[in-house]
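Close look at the chain arrangement
Read off the chains here:
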2 protein chains.
Amino acid sequence: MRTIHLIGIGTGNPEHLTLQGIRALNATDVVFALDKGEAKSGLNAVRRTICERYRERPGCRFVEAPDPERDRRPADYGLAVDDWHAARATLYEELIATHLGADEQGAFLVWGDPALYDSTLRILDRVRARGRIDFAVSVVPGITSVQALAASHRIPLHRIGEPVRITTGRRLREAGPVDGATVVMLDGDPRFDGLDPALTIYWGAYLGTPDEILVSGRLGTVADDIRRVRTEARERHGWIMDIYLLVPPEA
Amino acid sequence: MRTIHLIGIGTGNPEHLTLQGIRALNATDVVFALDKGEAKSGLNAVRRTICERYRERPGCRFVEAPDPERDRRPADYGLAVDDWHAARATLYEELIATHLGADEQGAFLVWGDPALYDSTLRILDRVRARGRIDFAVSVVPGITSVQALAASHRIPLHRIGEPVRITTGRRLREAGPVDGATVVMLDGDPRFDGLDPALTIYWGAYLGTPDEILVSGRLGTVADDIRRVRTEARERHGWIMDIYLLVPPEA
């Protein structure tokens, strides 16, 4: 039976890879990757570096396919994601059926961790539900940008014994005031409007890479700096991956 | 100047260690560990295994000291934690001053990740604030039990684009109904009372180790099983580390 490994590879530092990840990579015959266009080609370059650096035997096939088009400003977010997942499921089924032999092992090298804001696991479930091909799935956890952010700022994510919430830019804007430690991911346009300026923010981009940028301070003081730095960096690199933690003032 | 590395080592599978962790370990002259008594001696055994297996040069000193006593049922939780952190700060200061040369590098091998429900970072901040000794701190992120839980169950932590909350058993009981994906850590006595039986629970113990146990299902159906399995395992091992994810029914 075919096996597909979902290997969390961390946030761009090839040394975020775990020994468990290296073991799975070395059992892998074919690495599947989506080509997300020129701007994000650096992400697949990191994947190729990981394959070349940490595979002990040669001959891993690297199969890259163009990512299906996605509506970035849909009227109905849930429906648009569903369409896009369906298109990816068709593509993954085709890739696996075409490129992976009946007893071979494939892998997706997932940015961060396969359990957090990554669709590969859901899409592979859809592929299996379609019933055309079957395979086992193994998941190897990886370092998330949440952890890389805290490590680079050398901070805990929460006050002693308190909870932490991980959310998206979209959800942050829908939710009420920030009432506890809140990590915000996938915020394509952080405007910080409507947020308490007394919040402390810990912001980071390109975490774990030589291009890492960190800014922290009182939100009211550093918000404009972050927006300026972010815009400049995004123009320079052609893409940005960033994340921030908001911490309310001590009660 | 002295450097102290806080190295996240994952949840008991030595292969959770990252390459960045191995690099820091190999720069380390002294590994500091707390002895938490017979029952938890398995945790330091994993730390020693990691040192022996992944250090390329011999001669790392392993300095173990008894963990200060902690009031487990305090009248005032915040005050008790503060006392205990103060006692640990005194101990860490003494350990570093005694065992680490002026230009040497020390390390604490932190279960999970240094940013999530671990006190080492806060305690080292206290040591520095005391002003007797100075040192640089470097943090190496590690796989948390949150990620290990999701990987072993092969699930995402949240529905598409939705938030996830990470909290403690104590806080779960204080908070209202579970209104989104909620990971519960540090629940020494999970009774699940007052929780909606229609929640789905994904529970795991000794994650990533050969003793790993997984149970999942509708909370109302599996809660008693989990409590029974948990009690048996805890008696057999003398200790338990477990975690669970609660997911509300689809709206």
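A few words on the domain arrangement of chain A. Entries for chain A in the domain assignment read domain 1 (2-140) and domain 2 (145-247). Across the contact surface, domain 1 of chain A and domain 2 of chain A share 0 salt bridges.

Attention now moves to the packing of helix α1 (residues 19-26) of chain A against helix α2 (residues 41-54) of chain A. Residues and elements named next belong to chain A. Where α1 contacts α2, the two axes come as close as 10 Å, and the packing angle between them is 85°. Relative to α2, the element α1 lies roughly perpendicular. Taking contact as the criterion, the partners of I22, L25 and N26 in α1 are, on α2, I50, C51 and Y54. For the contact of α1 with α2, the residue count by class is 5 nonpolar, 1 polar and no charged.

Before going further, it helps to examine the confidence of the model for chain A. Across chain A, pLDDT averages 93, with 99% of residues at or above 70. Here the prediction assigns the complex a pTM of 0.96, and the interface score ipTM is 0.95.

Once that is clear, we can look at helix α7 (residues 219-237) of chain B. Residues and elements named next belong to chain B. A rise of 1.5 Å per residue sets the reference length of α7, with its 19 residues, at 27 Å; its end C-alpha atoms lie 25 Å apart and thus fit the reference within 8%. Residues of α7 that are buried: L219, V222, A223, I226, V229, R230 and A233. The arc enclosing the buried residues of α7, seen along the axis, measures out at 150°, which places them on a common side. Turned more than 90 degrees from where α7 packs its buried face, D224 and E235 sit exposed. Of the surrounding elements, those touching the buried residues of α7 are β8 (200-205), β9 (213-218) and β10 (242-247). Once α7 ends, the next one or two residues include G238, with phi positive near 85°.

Rules used in this analysis
- Residues numbered from 1 in each chain as written.
- Chains lettered and ligands numbered in written order.
- Predicted model: local features only at pLDDT ≥ 70, side-chain atom pairs only at ≥ 80, totals over all residues.
- Heavy atoms only, no water.
- Domains from an automatic or database assignment.
- Salt bridge = Lys/Arg side-chain N within 4 Å of Asp/Glu carboxyl O.
- Axes fitted to C-alpha atoms, helices over the stretch in contact; angles between N-to-C directions.
- Helix = DSSP H or I, 4+ residues; strand = E, 2+ residues; numbered from the N terminus.
- Parallel < 35°, antiparallel > 145°, perpendicular 65-115°, else oblique.
- Contact = heavy atoms within 4.5 Å.
- Nonpolar A, V, L, I, M, F, W, Y, C, P; charged D, E, K, R; others polar.
- pLDDT = per-residue confidence, 0-100.
- Expected span 1.5 Å × (residues − 1).
- Buried < 20%, exposed > 50% of the residue type's maximum accessible area, 1.4 Å probe, protein only.
- Arc of directions from axis to C-beta.

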